[in-house]
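So you can see what is in the structure, the chains are spelled out below.
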Amino acid sequence: MNFIIEGVDRLGKGTLIGLIQEKFGYHTVIHYEKPKALEYYNDPTFGGIMHTLPPLGKYQYISFSRGFDMLRCCDGLIFDRFHLGEVLYAPRYRGYSGDYVFELENQFTSSMDSWAKGYSRNVKLILLTTSDFSFIQDDGLSFDFSAKESEQEDFIAAFERSTMPNKVMIDVCNGNGGFKTPDQIFQEAMA
């Protein structure tokens, strides 16, 4: 099984990843971070959609394309953030649309190859959310911690738009101003 863990900062993605490894053994963890401004992507000769994207978008397009390729051929992967974040972070912080990731996702989920189609079911997309942000502490590493509520709304919209067949959204709030236990979150994620 492969896992994609998405959500705004400070909701417990790392804790959930640790529990997945505890329960299921070794998984390669791939942590998607902000794109790098590499000279290579300033080349104007890229074709197709790559031609329409700015350099950071080209970097991201290649990274997500390769990520989906890994999901097609490998198991035991955990993506700590992946393509859904591009839908909200690209227009907010990088000045271009990240909607192209849905085309990449659709190619992955609707492949005519029955093996690949079955394989997409072996990928679980997990979105961590919270119905109460009052207990979420800023670690100083977020793009804009004050935007967490609107970012979460965009994550939910992207999650709902996603064609991944095996997905779950989890509210990490226990209803009493704190987190559910890691085991509770893990059980919901695996349901």
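Anyway, here's the lowdown on the structure attached to this text.

Criteria and thresholds
- Residues numbered from 1 in each chain as written.
- Predicted model: local features only at pLDDT ≥ 70, side-chain atom pairs only at ≥ 80, totals over all residues.
- Heavy atoms only, no water.
- Pairing = 2+ DSSP bridges.
- Helix = DSSP H or I, 4+ residues; strand = E, 2+ residues; numbered from the N terminus.
- Axes fitted to C-alpha atoms, helices over the stretch in contact; angles between N-to-C directions.
- Contact = heavy atoms within 4.5 Å.
- Core = buried A, V, L, I, M, F, W, Y, C linked by side-chain atoms within 4.5 Å.
- Buried < 20%, exposed > 50% of the residue type's maximum accessible area, 1.4 Å probe, protein only.
- Parallel < 35°, antiparallel > 145°, perpendicular 65-115°, else oblique.
- Nonpolar A, V, L, I, M, F, W, Y, C, P; charged D, E, K, R; others polar.
- Salt bridge = Lys/Arg side-chain N within 4 Å of Asp/Glu carboxyl O.
- Expected span 1.5 Å × (residues − 1).
- Arc of directions from axis to C-beta.

Focus on the sheet that holds strand 1 (residues 2-6)
- A sheet is described by the order of its strands in space; here five strands give the open sequence 2-3-1-4-5, paired in parallel fashion. The strands lining the two open edges of the sheet, one partner per strand, are strand 2 (28-31) and strand 5 (167-171). Across the sheet, the axes of successive neighbouring strands diverge by a mean angle of 20 degrees, strand direction being ignored.
- Bridge count between strand 1 and strand 4 (residues 123-129): five bridges; the pairing is parallel. Bridged to Phe-3 within strand 4 is Lys-124.
- Against the sheet, helix 3 (residues 55-73) engages strand 1, strand 2, strand 3 (77-80) and strand 4, with an angle of about 155 degrees to strand 3.

Concerning the nonpolar core
- In this structure, Ile-5, Leu-16, Leu-71, Ile-126 and Leu-128 are the most contacted members of the largest nonpolar core, which totals 54 residues.
- Leaving out residues up to four positions away in the same chain, Ile-126 has contacts with Phe-3, Ile-4, Ile-5, Glu-6, Leu-16, Val-168, Ile-170, Ala-189 and Met-190.

Here we look at the packing of helix 1 (residues 13-24) against helix 8 (residues 182-190)
- Where helix 1 contacts helix 8, the two axes come as close as 10 Å, and the packing angle between them is 70 degrees. Classed by the angle they form, the pair helix 1 and helix 8 counts as roughly perpendicular. Residues Thr-15, Leu-16, Leu-19, Ile-20, Lys-23 and Phe-24 of helix 1 pack against Pro-182, Asp-183, Ile-185, Phe-186, Ala-189 and Met-190 of helix 8.
- Within the contact of helix 1 with helix 8, the residues separate by chemical class into nine nonpolar, one polar and two charged.

Points about the pairing of strand 3
- Residues Leu-77 and Phe-79 of strand 3 are buried on one face, and the alternating residues Ile-78 and Asp-80, pointing to the opposite face, are buried as well.
- Two elements, strand 2 and strand 3, share four bridges in a ladder whose sense is parallel. Bridge pairing in strand 3 places His-31 opposite Asp-80.

Examining the pattern of salt bridges
- Under the counting rule described, the total for this entry stands at seven salt bridges.
- Here Glu-86 makes a salt bridge to Arg-94, at a shortest N to O gap of 2.6 Å. Arg-94 carries the same exposure label as Glu-86, and that label is buried.
- Here Glu-149 makes a salt bridge to Lys-148, at a shortest N to O gap of 4.0 Å.
- Among the residues examined, Glu-149 registers a relative accessible area of 36% and is labelled partly exposed.

Digging into helix 7 (residues 148-161)
- End to end, helix 7 covers 20 Å across 14 residues, agreeing with the expected 20 Å (1.5 Å per residue, within 8%).
- Residues of helix 7 that are buried include every one of Lys-148, Glu-151, Gln-152, Phe-155, Ala-158 and Phe-159, and no others. The buried residues of helix 7 all sit within an arc of 120 degrees when viewed along its axis, so they share a single face. Among the exposed residues of helix 7, those oriented more than 90 degrees off its buried face are Glu-153 and Glu-160.
- Elements that come into contact with the buried residues of helix 7 comprise strand 1, helix 4 (84-94), helix 5 (100-109), strand 4 and strand 5.

Concerning the pairing of strand 4
- Of all seven residues making up strand 4, seven are buried, and the element is well covered by its neighbours.
- The alternating pattern of strand 4 places Val-123, Leu-125, Leu-127 and Thr-129 on one face and Lys-124, Ile-126 and Leu-128 on the opposite face, and all of these are buried.
- Two elements, strand 4 and strand 5, share five bridges in a ladder whose sense is parallel. Bridge pairing in strand 5 places Leu-128 opposite Ile-170.

What is shown is where atoms sit, not what they do.
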